[in-house]
Amino acid sequence: MIIAETAQKFTALAIPGQDQLLFGVCPHPLTCGLGLTIGAGTVFPEVNFTLPPISIGDDTWNEVKAHYEEMAKQILRRAVALAAPGIVLEFELLPAMTERPEWGAEITAILKRHLVAAHEKHHLPCALRVTPTDIRDQLKPPLLRTGEPWQHLRRSLELCAEAGADILSIESVGGKEVHDRALMYGDFPGIVFALGVLAPRDMAWLWGQIVSVCLAHPGVVAGGDSACGFANTAMQLAHQKMLPEVLASVVRAMSAVRSLAAFEQGALGPSKDCAYEGPVMKAITGLPISMEGKSASCAHFSPVGNIAAAMCDLWSNESVQNVRLLSGNAPEAFTELLAYDCRLMNAAASRGGALDLRDWMTASDEWLSPQAAVLSPAATLRIANAIVHEESPYRQTIAAGRAALDLLKEGLAEEKLRLSRKELQWLQRIESALGELPADEASLMAALEEQYGSLYDKPSYGL
Amino acid sequence: MAQGSALYDAIVSGDDKKAHAATAEALAAGIAPMDLIQQSMVPAMDEVGRLFEAEEYFVPELLLAGRAMKSAMELLKPLLAASGQKMPVRVVIGTVKGDLHDIGKNIVASMLEGGGFEVIDLGTDVSPESFVAAVEERQPQVVCMSALLTVTMPAMKLTIDALKTAGLRTQVKVLVGGAPVTMQYAKEIGADGYSENASGAVSLVKNLLADA
């Protein structure tokens, strides 16, 4: 395993052509956990699971642990029954488990024990991804590099690494305090400032910390991040008709820049499942990614259910509660769904049909939503190319936004994409706003100081 | 006034500077504050609400209209208070203990403000004790709680229980919401109402207060 000790800048695409950008394969596969190699030709399920309604406290802790014991046992039993070629379990800590790092570590150890047993008994290649909660946004404005929440998060990363995590990830929130406000008001300069100035700064610092934890724990891989708090928020609000889909689409493309910063600091993938910007990162870095789509409907709506699988290396369900269904508990039922999704992809690949299946999955969604239109292999390469040809995260973010805007306009011109009148108005508004952004981030920051200056802590961003 | 007035148009188009200026001009022309509210501002926000319900407006347009309304209210509030006019209904809102999600809560808060309510936003990770303290101190008519995690939903019940223990429960209407929350859960924990979306929350508050 190689972990970069210094930040690297990606100036060219690791996957320059569409024919190489597909599910299950990448130029730099990752071997991790218990005999699992990701990105070397096989797509594996990544199962994510959570608790049903229950308070987490000293009085309920044994019950909480029992849930995780049950979920791990049932998921792995179903994976073995379906002859899954391998599996990743993802444990997303709940806030209370990060605030009290020993709790998160205890669950990590439980899950790892089940994976070790399945590996020893059934030779199941497997790995455990552990994702502490980014709890650094508790104060207003959030203190990202100092204070108790960061100390707890750092300790949580260390203890989970010691307790058996194979992959460490996070859904980081730096810049979100500004992005939330800007997104709600549809303020494009504010969105660009959050995504292209603040978030990359925090990502670079935070992922430097996470990589250092991994370096101190041999065998633990720095996985990747997700723009969940940014682009997935926009996606869900667009689904509820609260925000324009075209805005969510452009935000998605721009969010790839801040998520890429994890890889620049030495993360090796797979990026987080909810990072729908993952294909852009895969094209740039050649590292494996996890994705989610139709089989994550237990967690949330998605307008990209099939197309999201087109370039995945792990295929996830996002999150499902441990509740009873007719076929068993929900986590094992969704393990089955994922296992069959992966079987189809792997069978297609083994018969030389991977590109066909990828293209069918792409074609089924591509022009039915602006958010899918920026996720095709061709769109991915356009956005990725735009990013690597710019220098600073700010310029890269603008370039990614422009690429997404051009893709949408081309889809409209070719009458593939149809948009309502008000979506078209917003497309025009975004285009104007992109054209009016200052050339450098310092000018943008100065222009937005009155509007957003009180929302963020400048030293938290090295400012 | 009303439709076609500068203040009405400024609010519907979400222009806070124009709303402020139009209010100042109207006051200078001798128009009574309550007339401005009833004949321009309320109709304007009704129109904004209608456009949102009809999916003609997204949340940004809605919030900008709310901001414009707030800008106008800044000029009117002192005049209303001085003349002994009834102040807007007060709402305390927060995301419950252990939960850091605030987008949904923020949308509800903004829409309530746009609907003419005075909103006191306690933020995220709000303990039952903090809700109780806010009710004691700020004397709201309504408490709104949000949760996005299944494991933080129980904090809603703890908060309602804390309001009961403090003898404050009967003073306020309690509303709950958030992705995992259901009407059934709201009933189980003794809330007065549940809404599955932000615009529904505003209507719900109005209905509950009308029934009170």
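Chemist: Help me get a handle on the overall build of chain B, residues and values and all.
Modeler: Along the backbone of chain B there are nine helices and five strands. If you list the helices and strands of chain B from N to C, you get α-α-α-α-β-α-β-α-β-α-β-α-β-α. Taken against the 2.2 N^0.38 rule, which gives 17 Å for 212 residues, the C-alpha radius of gyration of chain B at 18 Å falls within 12% of a compact globule. With the C-alpha coordinates aligned to their principal axes, the bounding extent of chain B is approximately 55 × 40 × 30 Å. When the 212 residues of chain B are sorted by exposure, 51% land in the buried category. Sequence separation of at least 24 residues holds for 74% of the intrachain contacts in chain B that already meet a minimum separation of 6.

Chemist: So what about helix α5 (residues 103-114) of chain B? Which residues, and what values?
Modeler: Because an α-helix completes one turn every 3.6 residues, residues spaced three or four positions apart along the sequence face the same direction. All names here are of chain B. Compared with an ideal rise of 1.5 Å per residue, which puts twelve residues at 16 Å, α5 spans 16 Å between its outermost C-alpha atoms and is within 8% of the ideal. The buried fraction of α5 is high, at twelve of twelve residues. What α5 keeps buried is the set Ile-103, Gly-104, Lys-105, Asn-106, Ile-107, Val-108, Ala-109, Ser-110, Met-111, Leu-112, Glu-113 and Gly-114. Following α5 by one or two positions, Gly-116 has its phi on the positive side, about 95 degrees.

Chemist: Give me the sheet that holds strand β3 (residues 142-146) of chain B: which residues, what numbers.
Modeler: Residue and element names in this part refer to chain B. Strand order in the open sheet formed by five strands is β2-β1-β3-β4-β5, with parallel pairing between adjacent strands. With one partner strand each, in any of the chains shown, β2 (118-121) and β5 (193-194) form the two edges of the open sheet. In this structure, β3 lies alongside strand β4 (residues 173-177), joined through five bridges in parallel fashion. Directly across from Ser-146, in β4, lies its bridge partner Gly-177. Running over the sheet, helix α6 (residues 128-138) touches β1 (90-95), β2 and β3 and is turned about 165 degrees from β1. Sheet strands touched by helix α9 (residues 198-211): β1, β3, β4 and β5. Its angle to β4, the strand with the most contacts, is close to 160 degrees.

Chemist: Could you give an account of the sheet that holds strand β5 (residues 126-131) of chain A, with specific residues and numbers?
Modeler: Residue and element names in this part refer to chain A. If you trace the seven strands from one edge of the open sheet to the other, you get β7-β6-β5-β4-β3-β9-β8, paired in parallel fashion. For this open sheet the edge positions go to β7 (221-222) and β8 (290-292), each flanked by a neighbour on one side alone. Across three bridges, strand β3 (residues 44-48) lies against strand β4 (residues 87-92) in parallel orientation. In the strand pairing of β4, Val-47 is matched with Leu-89.

Chemist: Give a detailed account of the domain arrangement of chain B, specifying residues and quantitative values.
Modeler: All names here are of chain B. Taken as a whole, chain B is organised into domain 1 (6-82) and domain 2 (90-211). Using only C-alpha atoms to locate each centre, domain 1 and domain 2 end up separated by 26 Å. Taken together, the contacts link twelve residues of domain 1 with eight residues of domain 2. The greatest single-element share of the side of domain 1 that touches domain 2, amounting to seven residues, is contributed by helix α4 (residues 59-82).

Chemist: Please set out the interface of chain A and chain B residue by residue, giving values where relevant.
Modeler: Across the contact, 27 residues belong to chain A and 20 residues belong to chain B. When the residues that make up the side of chain A that touches chain B are grouped by side-chain class, the tally is 15 nonpolar, seven polar and five charged.

Chemist: If you had to explain the packing of helix α4 (residues 147-163) of chain A against helix α6 (residues 188-215) of chain A to someone new, which residues and values would you point to?
Modeler: All names here are of chain A. For the pair α4 and α6, the least separation of the axes is 10 Å and the interaxial angle reads 30 degrees. When the interaxial angle is binned, α4 and α6 end up roughly parallel. The handedness of the crossing between α4 and α6 is right-handed. Residues Arg-154, Leu-157, Glu-158 and Ala-161 of α4 touch α6, and the partners they reach there are Gln-209, Ile-210, Val-213 and Cys-214.

Chemist: Explain the pairing of strand β1 (residues 25-32) of chain A to me, and be specific about the residues and the numbers.
Modeler: Side-chain positions along a regular strand alternate between the two faces of the sheet. Residue and element names in this part refer to chain A. As paired strands, β1 and strand β2 (residues 36-40) are joined by four bridges and run antiparallel to one another. Following the sheet pairing, Thr-31 is matched in β2 by Thr-37. Between β1 and β2, which pair antiparallel one after the other, the connecting turn spans three residues, and Gly-33 there sits at a positive phi close to 60 degrees.

Chemist: Residues and numbers for helix α14 (residues 393-413) of chain A, please.
Modeler: Given a rise of 1.5 Å per residue, 21 residues ought to cover 30 Å, and the 30 Å separating the end C-alpha atoms of α14 of chain A matches this to within 8%. Following α14 of chain A by one or two positions, Glu-415 of chain A has its phi on the positive side, about 60 degrees.

Chemist: Break down unusual backbone geometry for me, with residues and values.
Modeler: Residues and elements named next belong to chain A. In this structure, Pro-141 follows Lys-140 across a cis peptide bond, with omega equal to -5 degrees. Considering the arrangement of structural elements, one finds Pro-141 in the loop between β5 and α4. A cis amide bond links Gly-269 to the next residue, Pro-270, at an omega of -5 degrees. Even without being a glycine, Ala-83 presents a positive backbone phi close to 55 degrees. Tracing the backbone through its elements, the reader meets Ala-83 in the loop between α1 (61-81) and β4. Of note in the backbone geometry, Glu-318 takes a positive phi value of approximately 70 degrees without being a glycine. If you trace the backbone, Glu-318 turns up in the loop between β9 (314-316) and β10 (324-325).

Chemist: Which residues make up the environment of Ile-307 of chain A, and what values do they have?
Modeler: Residues and elements named next belong to chain A. Looking at the element boundaries, Ile-307 is found in the loop between β8 and β9. Remark: the alpha-carbon pair of Ile-307 and Arg-358, spanning 51 residues in sequence, is separated by 7.8 Å. Excluding anything up to four places from it in sequence, Ile-307 contacts Met-361, Thr-362, Asp-365, Glu-366, Ala-372, Leu-375 and Ser-376.

Conventions used here
Residues numbered from 1 in each chain as written. Chains lettered and ligands numbered in written order. Predicted model: local features only at pLDDT ≥ 70, side-chain atom pairs only at ≥ 80, totals over all residues. Helix = DSSP H or I, 4+ residues; strand = E, 2+ residues; numbered from the N terminus. Rg over C-alpha atoms; globule rule 2.2 N^0.38 Å. Buried ≥ 20, exposed ≤ 12 C-beta atoms within 10 Å, placed from the backbone. Contact = placed C-beta atoms within 7 Å. Expected span 1.5 Å × (residues − 1). Pairing = 2+ DSSP bridges. Axes fitted to C-alpha atoms, helices over the stretch in contact; angles between N-to-C directions. Domains from an automatic or database assignment. Nonpolar A, V, L, I, M, F, W, Y, C, P; charged D, E, K, R; others polar. Parallel < 35°, antiparallel > 145°, perpendicular 65-115°, else oblique. Left-handed = near helix turned anticlockwise from the far one by under 90°.

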